[in-house]
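One letter stands for each residue in the lines below.
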Number of protein chains: 2
Amino acid sequence: MMVVVSYDVATSSLGGARRLRKVAKQCVNYGQRVQNSVFECVVDPKQFEQLKHSLLSIVDLEKDSIRFYFLGSSWKNRVEHHGIKQIVDVENPIIL
Amino acid sequence: MMVVVSYDVATSSLGGARRLRKVAKQCVNYGQRVQNSVFECVVDPKQFEQLKHSLLSIVDLEKDSIRFYFLGSSWKNRVEHHGIKQIVDVENPIIL
């Protein structure tokens, strides 16, 4: 199944930039970065639970936001893209 | 139907900050901001075409990126959120 992971990490808060890098590093293990803070991950339910568990252990739920969008298995017709394709080095994500 | 709109606008490029504000202002006419660059819009096909047309007339497709995710009508079980709810003043969006 395809799960879209989008997140806002409060980089202005203490440890925010580090949390941002760690979130991206986790996501890259499960899928592809399509925008600065959006990953598309093709995972099975068990992998999703692992990804979710690792992300929720990184973020600060008082300051950050994570959304999961479940597109199912026939996800290709649920996604439309316009513009540049993000090629971002997850090692040094752009901290906007 | 629910359409998730996520976007990356190159604010470092000429006119980028202005494009970012205009994209957000358009999206707010059709839905709710859930993260800095993510809106959830409940629209019919005609409204979606209007939204898409207006967004594509604002962004620079050489520099910016827009993704539409179609969650359909039974979208509530396709979305999971953790963390803070973004309450962002779309008039003065945070330019990260």
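Procedures and definitions
Residues numbered from 1 in each chain as written. Chains lettered and ligands numbered in written order. Predicted model: local features only at pLDDT ≥ 70, side-chain atom pairs only at ≥ 80, totals over all residues. Heavy atoms only, no water. UniProt positions renumbered as here; feature names shortened; annotations may be inferred. Least-squares fit on C-alpha atoms with pLDDT ≥ 70 in both. Contact = heavy atoms within 4.5 Å. Pairing = 2+ DSSP bridges. Helix = DSSP H or I, 4+ residues; strand = E, 2+ residues; numbered from the N terminus. Axes fitted to C-alpha atoms, helices over the stretch in contact; angles between N-to-C directions. Buried < 20%, exposed > 50% of the residue type's maximum accessible area, 1.4 Å probe, protein only. Buried area = accessible area lost by both parts, 1.4 Å probe. Salt bridge = Lys/Arg side-chain N within 4 Å of Asp/Glu carboxyl O. Polar contact = N/O pair within 3.5 Å; in protein donor to acceptor, adjacent residues only side chain to side chain. Nonpolar A, V, L, I, M, F, W, Y, C, P; charged D, E, K, R; others polar.

- If you check an unreviewed UniProt entry, chain A appears there as CRISPR-associated endoribonuclease Cas2 from Alkaliphilus pronyensis.
- In its Subunit (unreviewed entry) section, the UniProt entry covering chain A states "Homodimer, forms a heterotetramer with a Cas1 homodimer."
- The annotation that UniProt attaches to chain A under Cofactor (unreviewed entry) is "Mg(2+)".

Some remarks on the relation of the copies chain A and chain B
At step 1: Under the fitted operation, chain A is carried onto chain B by 0.0 Å of movement along the axis and a turn of 180°, and the coordinates agree to an RMSD of 0.0 Å. Within this description, the copies of the chain are treated as partners about a two-fold rotation axis.
At step 2: In this assembly the copies share their binding face: 100% of the residues contributing to the interface of chain A also contribute to that of chain B.

So, the sheet that holds strand β3 (residues 38–42) of chain A
At step 1: Taken in spatial order, the five strands of this open sheet run β2(A)-β3(A)-β1(A)-β4(A)-β5(B), and their pairing is antiparallel. The open sheet has two edge strands, β2 (31–35) of chain A together with β5 (79–83) of chain B, and neither has a second partner. Within this sheet the neighbouring strands show an average axis-to-axis angle of 20°, counted without direction.
At step 2: Across four bridges, the pairing between β2(A) and β3(A) is antiparallel. Its bridge partner being in β3(A), A:Arg33 is matched across the sheet by A:Phe39.
At step 3: Across the sheet, helix α1 (residues 16–28) of chain A lies against β1 (2–8), β2 and β3 of chain A, angled at about 175° from β1(A), the strand it touches most.
At step 4: Lying over the sheet, helix α2 (residues 45–58) of chain A contacts β1, β3 and β4 (65–72) of chain A together with β5 of chain B, oriented at roughly 170° with respect to β4(A).

Some remarks on the environment of A:Met2
All names here are of chain A.
At step 1: Tracing the backbone shows Met2 in strand β1.
At step 2: With a relative accessible area of 2%, Met2 lands in the buried category.
At step 3: Spatially, the C-alpha atoms of Met2 and Val42 are 4.4 Å apart, while their sequence positions differ by 40 residues.
At step 4: When neighbours within four sequence positions are excluded, Met2 is seen to be in contact with Glu40, Cys41, Val42, Tyr69, Phe70, Leu71, Gly72 and Trp75.

Describing the environment of A:Asn29
At step 1: Turning to its location among the elements, A:Asn29 is positioned in the loop between α1 and β2.
At step 2: Considered as a pair, A:Asn29 and A:Leu51 are 22 residues apart in the sequence and their alpha carbons are 8.7 Å apart.

Describing the interface of chain A and chain B
At step 1: Taken residue by residue, the interface counts 35 residues in chain A and 35 residues in chain B.
At step 2: Here chain A meets chain B over a buried area of about 3,100 Å², counting both sides, of which 49% is carbon and sulfur.
At step 3: Between chain A and chain B we count four salt bridges in total.
At step 4: Between the two partners, chain A and chain B, sit 26 residue pairs in polar contact (both at pLDDT 80 or more).
At step 5: It is β4(A) that provides the largest number of residues to the side of chain A that touches chain B, a total of eight residues.
At step 6: Each residue belonging to the side of chain A that touches chain B can be placed in one class, and the counts come to 15 nonpolar, 10 polar and 10 charged.
At step 7: Pairing of strand β5 (residues 79–83) of chain A with strand β4 (residues 65–72) of chain B involves five bridges; the strand directions are antiparallel. When the bridges of β4(B) are listed, A:Gly83 appears paired with B:Ser65.

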